[in-house]
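Each chain, written out:
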Amino acid sequence: MERDPGHHESFRWTRAEAWFYLVPNSEAQQLRIVAASPRGEHTVRVSADGELIGEFVLGTERREHVLPLTANVARNVVVEFALSVVSARRGEPASPDDPRELGIAVSALQVS
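In this text, all values refer to a predicted model and were calculated from it rather than measured experimentally.

Definitions and limits used
- Residues numbered from 1 in each chain as written.
- Predicted model: local features only at pLDDT ≥ 70, side-chain atom pairs only at ≥ 80, totals over all residues.
- Heavy atoms only, no water.
- Helix = DSSP H or I, 4+ residues; strand = E, 2+ residues; numbered from the N terminus.
- Contact = heavy atoms within 4.5 Å.
- Areas by Shrake-Rupley, 256 points an atom, 1.4 Å probe, with all protein chains shown as cover.
- Salt bridge = Lys/Arg side-chain N within 4 Å of Asp/Glu carboxyl O.
- pLDDT = per-residue confidence, 0-100.
- Buried < 20%, exposed > 50% of the residue type's maximum accessible area, 1.4 Å probe, protein only.
- Phe/Tyr/Trp six-rings, centres within 6.5 Å; stacked < 30°, edge-to-face > 60°.

Things to note about the overall build of the protein chain
Scanning the protein chain for helices and strands turns up zero helices and eleven strands. Put simply, 69% of the contacts in the protein chain that link residues at least 6 apart link residues at least 24 apart. When the accessible area of the protein chain is evaluated, it comes to approximately 6500 Å², of which 48% is carbon and sulfur surface.

So, the pattern of salt bridges
For the structure on display, the rule yields two salt bridges. Residues R32 and E64 are paired through a salt bridge, measuring 2.4 Å at the closest nitrogen-oxygen approach. Remark: E64 occurs in strand β7 (residues 63-68) and R32 occurs in strand β4 (residues 30-36); sequence separation between them is 32 residues.

Brief notes about unusual backbone geometry
The backbone phi angle of D49 is positive, close to 50°, even though this residue is not glycine. Along the chain, D49 falls in the loop between β5 (42-48) and β6 (51-58). Positioned with a positive phi, N76 is a non-glycine residue whose angle comes to about 65°.

Quick notes on the confidence of the model for the protein chain
The share of residues in the protein chain with pLDDT of 70 or more is 87%, and the mean pLDDT across the chain is 88. By mean pLDDT, strand β1 (residues 2-3) is the weakest element of the protein chain at 54, and β7 is the strongest at 98.

Some remarks on the environment of S10
Within the secondary structure, S10 is located in strand β2 (residues 10-13). Using a relative accessible area of 24% as the deciding quantity, one classes S10 as partly exposed. With 97 residues separating them in the primary sequence, S10 and S107 have C-alpha atoms 6.1 Å apart.

Examining the packing of aromatic side chains
The tally for this structure, following the rule as stated, stands at two aromatic pairs. Ring geometry for F11 versus W13: centroids 5.9 Å apart, planes at 85°, classification edge-to-face. There is no split in this pair, since F11 and W13 are both buried. Where F20 meets F81, the ring centres are 5.3 Å apart and the plane angle is 10°; that geometry is what we call stacked. Pair noted here: F20 is in strand β3 (residues 17-22) and F81 is in strand β8 (residues 79-85), with a separation of 61 residues, a long-range link.

As structure tokens, then:
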């Protein structure tokens, strides 16, 4: 985890492709993602067990994005979610001195 100077929230950098696993309960209706793209604007696609559930444009400011969970998304079992950065600058090194391939900075992931 990293911490953004001047903010109290920590975050995790992703690569251009990232996976995470959550268990939506039977009442779950949405996926909440709090993230930012400090390196510039990106379009992010989100899928659940391989099915596209939505996309959003992510800017440099940390923001909450809420995507509805379709009826096809399994409940009460582990679901594989995937984030895919589909716009410009995908997979570029952070800087000449930092070879990490940075995607977006994620602060929170939650199904509810």
